[in-house]
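Coordinates in review
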Amino acid sequence: MNMRPEDFFNMLPKYFWSKMNGFYKKLNLKERQDWERTRWQTWLLLNVHVPSGKRLKITDLIKFDWEVEKEKENKVAKDYAEYIKKLEDYKLKNKSNGK
């Protein structure tokens, strides 16, 4: 974390944990970028040898955990948006029937 001992001892625990969380987020981001770069390079090298009609998608090689989580989040958001739309339609329908 590139901290001198006096920096550590002068920090409040709140700031230490915040710095440590940021440090690990940066480490995870770097590792994620390395994995994505490796997948991209492999994808390029494989597609050179595949006929143009049978090209691979980049996610055909491997789907990372963070991509699966993102898809789940997107699905939940989409489902929620559909629910809100149905609720609004229901309210409008009942409002017009009530008049």
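Look a little higher up for the structure.
Notes on the structure in this doc start here. Keep in mind that this is a model prediction, so the values were computed, not measured.

Turning our eyes to something else, we now look at the overall build of the chain. Looking only at helices and strands, the chain features 4 helices and 0 strands. Overall, the chain shows an N-to-C arrangement of helices and strands of α-α-α-α. In terms of overall dimensions, the chain is more spread out than a globule: its C-alpha atoms have a radius of gyration of 24 Å, far above the 13 Å expected for 99 residues. When the backbone C-alpha atoms are referred to their principal axes, the chain occupies close to 75 × 55 × 10 Å. Buried residues in the chain amount to 7% of all 99 residues.

The next subject is a nonpolar patch on the surface. A surface patch of nonpolar side chains, about 470 Å² in accessible area, is lined by Tyr-80, Tyr-83, Leu-87 and Tyr-90. As for its placement among the helices and strands, Leu-87 is situated in helix 4 (residues 65-98).

As a working rule, side chains carrying opposite charge can pair if their charged atoms are close by. Inspection of every chain in the model, using the stated rule, returns 9 salt bridges. We note a salt bridge from Glu-36 to Arg-32, for which the minimum N-O separation is 3.6 Å. Highlighted residues: Glu-36 and Arg-32, both in helix 2 (residues 13-48), separated by 4 residues, approximately one helical turn. Taking the relative accessible area as the measure of exposure, Glu-36 reaches 28% and is therefore partly exposed. Put simply, Glu-71 and Lys-63 hold a salt bridge, and the shortest N to O gap is 3.1 Å. A residue is classified by how much of its surface remains accessible, and Glu-71, at 42% relative accessible area, is partly exposed. Of the residues examined, Lys-63 reaches a relative accessible area of 40% and is grouped as partly exposed. A single network of salt bridges, built from pairs that share partners, joins Arg-4, Glu-6 and Asp-7.

Moving on, we come to helix 2. Between the first and last C-alpha of helix 2 there are 53 Å, a value that for 36 residues agrees with the 52 Å anticipated at 1.5 Å per step. For helix 2, the complete set of buried residues consists of Phe-16, Met-20, Arg-39 and Asn-47.

Tracing the chain through its elements places Glu-67 in helix 4. Setting aside anything within four residues of it in sequence, one finds Glu-67 in contact with Arg-39, Thr-59 and Ile-62.

Quick notes on the rules
- Residues numbered from 1 in each chain as written.
- Predicted model: local features only at pLDDT ≥ 70, side-chain atom pairs only at ≥ 80, totals over all residues.
- Heavy atoms only, no water.
- Helix = DSSP H or I, 4+ residues; strand = E, 2+ residues; numbered from the N terminus.
- Rg over C-alpha atoms; globule rule 2.2 N^0.38 Å.
- Buried < 20%, exposed > 50% of the residue type's maximum accessible area, 1.4 Å probe, protein only.
- Patch = residues over 30% accessible without salt bridge, like charges linked within 9 Å, V, L, I, M, F, W, Y side chains within 5 Å.
- Areas by Shrake-Rupley, 256 points an atom, 1.4 Å probe, with all protein chains shown as cover.
- Salt bridge = Lys/Arg side-chain N within 4 Å of Asp/Glu carboxyl O.
- Expected span 1.5 Å × (residues − 1).
- Contact = heavy atoms within 4.5 Å.

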